[in-house]
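Notes for the structure review
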Amino acid sequence: MSEILFLVVRMLIAVGLYVFLGWAFWTIYQDLVFQSRSLTPSALPKIALSIEGEATPRSFQQLEILIGREVGCDLRLTDSTVSGRHARIRFRQEQWWLEDLNSTNGTFLNQTRLTEPMVLTGGDQIRCGQVQIEVANLS
């Protein structure tokens, strides 16, 4: 009799362990789905950048915007005072951040040279080399 009881208890423990593991994996899966939905482009706010001399601002809705002369940059500037990969605008901590990428001529935010990433707000003036960029809209 005790052998049968011992077998039943072992089986109940095994079933309980599998139920617990299934619940844990389901919870992790649900969290990953939630996180991926919160980082999709539709959840990101748009940022509009107006380059001096251009009539219409350029609008972006992505996690990272590279600014520079290189072909792969999202905001490509052809001015010779702009480095290949000059600056980066990133969306993190629910805000847009501007960061200099060790450019030769520096990146300026409202006339202040960047030494560390800074938060952007609507109406801010960015200067990459000799090119002026205005943060036209954050939404």
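Scope of this entry: the structure provided in the associated data block. Everything quoted here is computed from the prediction, not taken from an experiment. (Residues numbered from 1 in each chain as written. Predicted model: local features only at pLDDT ≥ 70, side-chain atom pairs only at ≥ 80, totals over all residues. Heavy atoms only, no water.)

**Let's talk about the pattern of salt bridges**
Between side chains of opposite charge, a pair can form when the charged atoms approach closely. The following threshold applies: We count a salt bridge whenever a side-chain nitrogen from Lys or Arg sits within 4 Å of a carboxyl oxygen from Asp or Glu. Only DSSP runs of H or I reaching four residues or more are called helices, and only runs of E reaching two or more are called strands; each is numbered from the N terminus.
Within the structure shown, the criterion is met by four salt bridges. Of the charged contacts in the structure, one is a salt bridge between arginine 88 and glutamate 99, with a shortest N-O distance of 3.3 Å. Residue arginine 88 is found in strand E5 (residues 87-92), and its partner glutamate 99 is found in strand E6 (residues 95-100); the two are separated by 11 residues along the sequence. One salt-bridge network, in which partners are shared between bridges, spans Glu64, Arg88, Arg90 and Glu99.

**Observations regarding the packing of aromatic side chains**
What counts is decided by this rule: Pairs were defined over the aromatic rings of Phe, Tyr and Trp, the Trp ring being its six-membered one, requiring ring centres within 6.5 Å. Orientation was assigned from the angle between planes: stacked under 30 degrees, edge-to-face over 60, tilted for the rest. When the NZ atom of lysine or the CZ atom of arginine is within 6 Å of a ring's centre and also within 35 degrees of its normal, the charge is said to sit over that ring.
Per the stated rule, a full pass over the model turns up three aromatic pairs. Over the aromatic face of tryptophan 97 sits the side chain of arginine 92, whose NZ or CZ is 4.6 Å from the ring centroid. Over the ring of phenylalanine 108 we find arginine 127, and its NZ or CZ is 4.0 Å from the ring centre.

**Section: the sheet that holds strand E2 (residues 58-60)**
Worth spelling out the cut-off: Between any two strands, pairing holds if DSSP finds at least two bridges.
The six strands lie next to each other as E2-E1-E11-E10-E7-E8, forming an open sheet whose pairing is antiparallel. The sheet terminates laterally at E2 and strand E8 (112-113), the two strands that pair on one side only. Where strand E7 (residues 107-109) meets E8, two bridges bridge the pair, whose relative direction is antiparallel. Bridge assignment links phenylalanine 108 to a residue of E8, and that residue is arginine 113.

**What about the sheet that holds strand E9 (residues 118-119)?**
Taken in spatial order, the five strands make up an open sheet running E4-E3-E5-E6-E9, and their pairing is mixed. Among the strands making up the open sheet, the edge pair consists of strand E4 (75-76) and E9. Pairing between E6 and E9: two bridges, direction antiparallel. Bridged to leucine 98 within E9 is methionine 118.

**Structural notes on unusual backbone geometry**
Glycine aside, negative phi is the norm for most residues, and most peptide bonds take the trans geometry. This is how it is decided: Working definition: with a 1.4 Å probe on protein chains only, accessible area under 20% of the residue-type maximum means buried, over 50% means exposed, and in between means partly exposed.
In this model, asparagine 102 sits at a positive phi of 55 degrees, which is unusual for a non-glycine residue. Mapped onto the elements of the fold, asparagine 102 is located in the loop between E6 and E7. With a relative accessible area of 76%, asparagine 102 lands in the exposed category. Positive phi is not limited to glycine here, since glutamine 111 has a value of about 70 degrees. Note on placement: glutamine 111 falls in the loop between E7 and E8.

Keep in mind that these numbers describe shape and distance, not what the molecule does.
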